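Chains, contacts and geometry: an overview
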Amino acid sequence: MRHARSSEVFEKAKRILPGGVNSPVRAFRSVGGEPFVVQRGEGAFLIDVDGNRYVDFINSWGPLVLGHAHPSVVAALHEQAQLGTSFGACHEREVELAEEVQRLFPSLELLRFVNSGTEAGMAVIRLARGFTRREKIIKFEGCYHGHADALLAKAGSGVLTLGLPDCAGVPSAAVSATLVAEFNNIESVERIFAACGDEVAAVILEPVVGNCGLLVPRPEFLAALRKITERHGALLIFDEVMTGFRVHLGGAQALYGVRPDLTMLGKVIGGGLPVGAFGGRREIMEQLAPLGPVYQAGTLSGNPLAMVAGLTTLQEWRKPGVFEMACGVAESLVEGLRSGAARHGVPLVAQSVGTMFGFFFSPTPICSFRETVSTDREAFQRFFHAMLDQGVYFAPSAFEAGFVSAAHAGEAINHALAALDAGFAAAARR
Ligand SMILES: *Cc1c(COP(=O)(O)O)cnc(C)c1O
């Protein structure tokens with residue numbers, strides 16, 4: 001593969017953007033080498049500025065459930081652009097998307113749109129504190145809820161990928177009310193509630209963790225969190241920014257049958273444009289301005305372009321058979337990963353939940369952040385680069401989940417499966 005033009009553009013990027021990127025994991029720091037520079041996306045594929053084509057298992061880190069530049073989404077955007085790109089006033093598309101979201105997530109009795117998952121995280125914490133008149137929040141090691149100060153303690157995603165223990169610039173006061181528990185370990189939560197249960201405003205988590213590799217909740221873990229929060233008058237917040245519409249059309253709350261008080265959404269609901277949302281129980285959401293005393297606002301919130309991209313994406317995604325087909329693609333990828341690793345004697349655990357997948361170079365299952373330290377990161381690096389050479393793009397980090405889209409059925413998945421032997425041969429080499 002030639003990368004001359006990518007290198008040239010990335011050199012320029014590094015002169016003007018910190019690290020050459022606008023979000024850290026894109027820089028390939030944890031896998032080494034240089035990122036390719038994208039020229040365009042086409043269904044399940046990314047094409048770089050040198051003309052190389054890659055099967056894209058990142059899909060913009062989750063949002064693109066239909067793949068890149070889906071014709072219906074492009075047509076809806078084109079139509080909306082001609083009618084105006086931002087109003088800063090009420091319009092019909094925001095109501096339509098809200099109704100569409102609520103059909104799939106009935107626990108969102110009221111919801112509000114913001115511009116990113118990070119914003120949803122900031123707002124939902126403020127709202128939980130405003131409603132309960134308590135200050136402490138419990139989060140889990142390895143869960144990522146965006147880059148707001150209070151939520152950066154022991155976070156996953158880029159914080160974990162780059163090995164940053166805790167983030168510089170976050171005042172200790174901002175995280176002093178953030179208590180950290182261990183995912184899949186209900187005793188670690190019970191201990192905190194026993195010590196200060198009547199001060200806890202909320203427990204927030206990714207119900208299936210995707211920012212620390214893929215961690216699946218043990219049976220009963222989510223239900224136990226529901227019980228303990230109810231018992232202590234604390235709110236349960238599901239951050240479904242990644243899992244929403246992906247692990248199940250109705251998110252992890254539908255898949256596991258646990259109803260949170262508040263939910264954060266993002267990624268898929270914007271169909272590739274910048275959107276986040278949060279919502280939940282009516283009496284809590286009614287605390288939000290203009291109805292109540294908790295302030296939250298946004299110049300571009302409910303942006304019409306973003307609303308039509310999200311709406312069109314969800315309408316296509318929930319057509320009969322589409323989601324199931326994408327789940328099937330994720331399953332065949334996982335089977336391919338397992339059998340490929342076995343053929344080359346490489347210890348690997350792989351699984352998928354709906355259209356999210358993850359794998360660790362480890363002989364034993366990984367169920368919490370702490371267990372990720374025992375995974376073989378060098379084997380991951382060799383695998384990552386060998387796959388990239390074969391035209392298959394996995395996340396450039398051992399600690400990020402992967403995503404398939406409806407466009408991956410057929411040519412894309414077949415190409416990826418055929419390339420796995422080269423990937424595991426490289427992983428097996430020391
Ligand atoms: C991506 C992500 C966020 C942050 O969303 P941004 O739009 O990147 O700000 C929050 N929570 C989870 C679970 C995510 O995966």
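Attention here is on the structure that accompanies the text. Being a predicted model, the structure only gives us computed values, none of them experimental.

1. Focus: the overall build of the protein chain
Assigned secondary structure in the protein chain consists of 14 helices and 14 strands. Taking 430 residues into account, the globule formula puts the C-alpha radius of gyration at 22 Å, and the protein chain, at 21 Å, falls close to it. Taken over the C-alpha atoms alone, the protein chain extends approximately 55 × 55 × 45 Å along its principal axes. Counting all 430 residues of the protein chain, 56% fall into the buried class. If you take every contact in the protein chain between residues at least 6 apart in sequence, the share linking residues at least 24 apart comes to 73%. With the model as given, the accessible surface of the protein chain reaches about 17600 Å², and the carbon-plus-sulfur share is 53%. A gap of 3 Å separates the mean positions of the 38 positive and 43 negative side-chain charges of the protein chain.

2. Structural notes on the sheet that holds strand 11 (residues 349-353)
Each strand in a sheet pairs with its neighbour through backbone hydrogen bonds, running either in the same direction (parallel) or in the opposite one (antiparallel). The sheet built from three strands is open, its strands ordered 11-12-14 with antiparallel pairing. Looking at strand neighbours, the two that pair on one side only are strand 11 and strand 14 (402-403), the edges of this open sheet. Looking at chain direction, strand 12 (residues 356-360) and strand 14 are connected through two bridges and run antiparallel. Bridging from a neighbouring strand, Met 356 pairs with Phe 403 of strand 14.

3. Digging into the site of the ligand
The immediate surroundings of the ligand are formed by Ser 116, Gly 117, Thr 118, Tyr 144, His 145, Gly 146, Glu 206, Asn 211, Asp 239, Val 241, Met 242 and Lys 267. One of the side-chain N or O atoms of Asn 211 is found 3.1 Å from an oxygen atom in the ligand. Isolated, the ligand exposes 380 Å² of accessible area, and the fraction of that covered by the protein chains is 83%. Classifying every residue of the shell around the ligand gives three nonpolar, six polar and three charged.

4. Observations regarding the pairing of strand 8 (residues 235-239)
Moving residue by residue along a regular strand, the side chains alternate between the two faces of the sheet. Most of strand 8 sits out of view: five of its five residues are buried. Side chains Leu 235, Ile 237 and Asp 239 project from strand 8 onto one buried face, and the interleaved Leu 236 and Phe 238 project onto a second face that is buried too. Note: strand 7 (residues 200-205) against strand 8, four bridges, orientation parallel. If you follow Ala 202 over to strand 8, its bridge partner there is Leu 235. Across three bridges, the pairing between strand 8 and strand 9 (residues 262-265) is parallel. Residue pairing across strands places Ile 237 opposite Leu 262, the latter belonging to strand 9. Note on the crossover from strand 8 through helix 9 (residues 251-256) to strand 9: the handedness is right-handed.

5. A closer look at the nonpolar core
Counting residues in each nonpolar core, the largest one holds 71 residues, and the members touching the most others are Phe 57, Phe 245, Trp 317, Phe 359, Phe 361, Phe 383 and Phe 424. The element best represented in this core is helix 12 (residues 322-343), accounting for 10 residues. Each of domain 1 (4-69 + 320-428) and domain 2 (71-317) gives at least three residues to this core. Once you skip the residues sitting within four places of it in the chain, Phe 383 turns out to touch Leu 337, Phe 359, Phe 361, Phe 394, Leu 420, Gly 423, Phe 424 and Ala 427. Of all hydrophobic cores here, the second largest spans 29 residues; its members include Val 189, Leu 236, Val 349 and Phe 369.

6. Some thoughts on the side chain of Ser 368
The residue Ser 368 is located in the loop between strand 12 and helix 13 (377-389) in this model. Among the polar contacts made by the side chain of Ser 368, one reaches the side chain of Glu 182 at a distance of 3.2 Å. Setting aside chain neighbours within four positions, we find Ser 368 in contact with Glu 182, Phe 183 and Leu 215.

7. What about the packing of aromatic side chains?
Using the criterion set out here, one finds 22 aromatic pairs in the structure. When the centroid spacing of 4.1 Å and the interplanar angle of 15° are considered together, the rings of Phe 36 and Tyr 54 count as stacked. Within this pair, whereas Phe 36 is found in the loop between helix 1 (4-16) and strand 1 (38-42), its partner Tyr 54 is found in strand 3 (residues 53-56), the two being separated by 18 residues in sequence. With respect to class, Phe 36 is no different from Tyr 54; both count as buried. Seen in terms of ring centroids, Phe 140 and Phe 183 are 6.3 Å apart; in terms of plane orientation they differ by 90°. Their pairing is edge-to-face. Pair noted here: Phe 140 is in strand 5 (residues 136-140) and Phe 183 is in the loop between strand 6 (178-181) and helix 7 (186-196), with a separation of 43 residues, a long-range link. When sorted by exposure, Phe 140 lands in the same class as Phe 183, which is buried. A cation over an aromatic ring shows up here: Arg 53 above the ring of Phe 45, its NZ or CZ 3.9 Å from the ring centre.

8. What about the pattern of salt bridges?
Here the structure, examined in full by the defined rule, presents 18 salt bridges. Among the salt bridges present, the one from Lys 14 reaches Glu 34, with a minimum N-O distance of 4.0 Å. Taken together, the positions of Lys 14 in helix 1 and Glu 34 in the loop between helix 1 and strand 1 put the pair 20 residues apart, joining distant regions of the chain. The partly exposed category is assigned to Glu 34, whose relative accessible area is 35%. A salt bridge links Arg 259 to Glu 109; the nearest nitrogen and oxygen atoms lie 3.5 Å apart. Of this pair, Arg 259 sits in the loop between helix 9 and strand 9 while Glu 109 sits in the loop between helix 3 (92-104) and strand 4 (110-114); the two residues are 150 residues apart in sequence, bridging distant segments of the chain. Accessibility expressed as a relative area gives 47% for Arg 259, which makes it partly exposed. Of the residues examined, Glu 109 reaches a relative accessible area of 30% and is grouped as partly exposed. Because the salt bridges share partners, they merge into one network encompassing Arg 226, Glu 230, Asp 261, Arg 281 and Glu 283.

9. Things to note about the packing of helix 3 against helix 11 (residues 304-317)
Remark: helix 3 packs on helix 11, axes separated minimally by 9 Å, with the N-to-C direction vectors making an angle of 35°. Judged by the twist between their axes, the crossing of helix 3 over helix 11 is left-handed. In this structure, helix 3 contributes Arg 93, Glu 94, Glu 96, Leu 97, Glu 100 and Val 101 to the contact, and helix 11 contributes Met 307, Val 308, Gly 310, Leu 311, Leu 314 and Gln 315.

Reading the values: the criteria
- The written sequence of each chain sets the order in which its residues are numbered from 1.
- This being a predicted model, a pLDDT of at least 70 is required before a residue's local features are given, and a value of 80 or more before pairs of side-chain atoms are given or counted; all residues contribute to the totals for chains, interfaces and linings.
- As a rule here, side-chain values come from all non-hydrogen atoms in the structure, and water together with hydrogens is ignored.
- Segments assigned H or I by DSSP are reported as helices when at least four residues long, segments assigned E as strands when at least two residues long, and all are numbered from the N terminus.
- The atom set for the radius of gyration is the C-alpha atoms, and the globule formula is 2.2 Å times the number of residues raised to the power 0.38.
- Think of it in three bands: with a 1.4 Å probe and only protein chains considered, a residue is buried below 20% of the maximum accessible area for its type, exposed above 50%, and partly exposed in between.
- Whether two residues are in contact is decided by their heavy atoms, any of which lying within 4.5 Å being enough.
- Calculation of accessible area relied on Shrake-Rupley with a 1.4 Å probe; when residues are assessed, cover is drawn exclusively from the protein chains displayed.
- Just so you know, the count uses Lys and Arg for positive and Asp and Glu for negative, and it drops His and the chain ends.
- A single reference atom marks each charge: NZ on Lys, CZ on Arg, CG on Asp, CD on Glu.
- Note: two strands are recorded as paired if DSSP finds a minimum of 2 bridges between them.
- The nearness test applies per residue and asks whether one of its heavy atoms lies within 4 Å of the molecule or strand.
- Each polar contact in these results corresponds to two N or O atoms within 3.5 Å; when the atoms are within protein, one needs to be able to donate a hydrogen and the other to accept it, and residues that are neighboring in sequence are counted only if both atoms are side-chain atoms.
- When residues are sorted by character, Ala, Val, Leu, Ile, Met, Phe, Trp, Tyr, Cys and Pro go into the nonpolar class, Asp, Glu, Lys and Arg into the charged class, and all the rest, Gly among them, into the polar class.
- When the strands point away from the viewer, a crossover counts as right-handed if the path from the first strand over the helix to the second runs clockwise.
- Among buried residues, the Ala, Val, Leu, Ile, Met, Phe, Trp, Tyr and Cys ones that are joined through side-chain atoms within 4.5 Å form a nonpolar core.
- Domain start and stop points were drawn from an automatic or database domain assignment.
- When the centres of two rings from Phe, Tyr and Trp lie within 6.5 Å, Trp using its six-membered ring, the rings pair. Their planes under 30 degrees apart give stacked, over 60 give edge-to-face, and anything left gives tilted.
- Look at NZ for Lys and CZ for Arg. If either is within 6 Å of the ring centre and within 35 degrees of the ring normal, a charge sits over the ring.
- The term salt bridge refers to a pairing of a side-chain nitrogen on Lys or Arg with a carboxyl oxygen on Asp or Glu at a separation within 4 Å.
- Interaxial angles span 0 to 180 degrees and are taken between N-to-C directions of axes, which are lines fitted to C-alpha atoms, for helices over the stretch in contact.
- Crossing handedness follows the turn of the near helix against the far one: under a right angle anticlockwise gives a left-handed crossing, and clockwise gives a right-handed one.

By themselves, these observations are geometric and do not establish any function.
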